[in-house]
Amino acid sequence: MDHLWSWTLVSINLLLHALLWYTPCKKLLKRCNEFEGSRLKTNGWFLLITPTFFHANMCHVTNNMLMLLGYTFYLEQQIGGPALWALYILTGAAGWLAMYAWSRYQHGEIGDFVPSTGSSPATYGLNALAALLCWNCQPPPTEAWFWFVLLWLLPFYVFVSRQTLPGTLTWTVLSLATFGGVHWFGVELNAINWWWLYLLKTFIWRVREWLMDGRNWTTADNAAHLGGTVVGLFVGFLYLGSTVVDMPMQAVLLHVACVVYLLARLLFNC
């Protein structure tokens, strides 16, 4: 099977989400599905790993898995499946440590009790790595994506995630169109453009929440996203070595813009 490691990674995320929310295993899995600094201090080192495989709701896991599958095929081919998994765990752990440090900086000891979950630190970190290693790679074929979304995700949107249907469904359509070879405003959908288009989606959704719902999200997850991204870029620079200077200026500017955007969201808490 092609891309076995990538599909296995996504399948495990979906399976654990289903077990957590829709089976009697909920009580057992609740012990390891969220990162929390206070538990990290009491022999909870495993919380640097396990929360990266869990999600808060169906919309959360769907968005993250759609983002992840946009580039993991490239990475699996470039660095190998075991390295892909190792970096998934590494960037996730870096994100949780960054979140913990930021929470402590903002709230003192209260920051020990700020919880979070999701693969976002790893998906951001691996996307940043992919954008460095294979920024000009083309998207994967459409067929697997079409059936994956049609059979598994859309029913959940309709029956489970009604409140988040518009934004998530829009992202699904964008994903399907992307892997169908559509060019958005003349932009070729390669690994780095996939990154900034996803960030643009998050920005538009945040603006929508602010304008329509008056929400001001006070969360340390922005630190987790940035932490995973920084580690992903660092690994990419180590991997490329001196050849990183061959990257076109446009690609460099897009990398800088993505990092600045994540930093701004962290500093302005939005």
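Report on the accompanying structure.

Rules and cut-offs
- Residues numbered from 1 in each chain as written.
- Predicted model: local features only at pLDDT ≥ 70, side-chain atom pairs only at ≥ 80, totals over all residues.
- Heavy atoms only, no water.
- Helix = DSSP H or I, 4+ residues; strand = E, 2+ residues; numbered from the N terminus.
- Buried < 20%, exposed > 50% of the residue type's maximum accessible area, 1.4 Å probe, protein only.
- Contact = heavy atoms within 4.5 Å.
- Areas by Shrake-Rupley, 256 points an atom, 1.4 Å probe, with all protein chains shown as cover.
- Core = buried A, V, L, I, M, F, W, Y, C linked by side-chain atoms within 4.5 Å.
- Patch = residues over 30% accessible without salt bridge, like charges linked within 9 Å, V, L, I, M, F, W, Y side chains within 5 Å.
- Salt bridge = Lys/Arg side-chain N within 4 Å of Asp/Glu carboxyl O.

With that out of the way, let us pick up the overall build of the chain. When its secondary structure is counted, the chain shows 12 helices and 0 strands. Along its sequence from the N terminus, the chain presents helices and strands in the succession α-α-α-α-α-α-α-α-α-α-α-α. By residue count, 48% of the 270 residues in the chain fall in the buried class. Here the analysis covers contacts within the chain between residues at least 6 apart in sequence; of these, 80% occur between residues at least 24 apart. About 13,400 Å² of surface is accessible on the chain, with carbon and sulfur atoms providing 69% of the total.

A word on the nonpolar core. Leu 68, Tyr 71, Leu 75 and Leu 126 are the most contacted members of the largest nonpolar core, which has 50 residues in total. Looking at this core, the elements with two or more residues in it are helix H1 (4–22), helix H4 (58–69), helix H5 (72–79), helix H6 (81–107), helix H7 (120–133), helix H10 (191–213), helix H11 (221–240) and helix H12 (249–267). Residue contacts for Tyr 71: discarding those within four places in its chain leaves Ala 122, Thr 123, Tyr 124, Leu 126, Asn 127, Ala 130 and Trp 194. Within the second largest apolar cluster, 9 residues are counted, among which are Leu 40, Leu 47, Ala 93 and Ala 224.

Nonpolar side chains collect at one region of the surface, where Met 249, Val 252, Leu 253, Val 256 and Val 260 lie side by side and expose about 450 Å² of accessible area between them. With respect to the element layout, Val 252 can be found in helix H12. Judged by its relative accessible area of 30%, Val 252 falls in the partly exposed class.

None of the figures reported here should be taken as evidence of function without further support.
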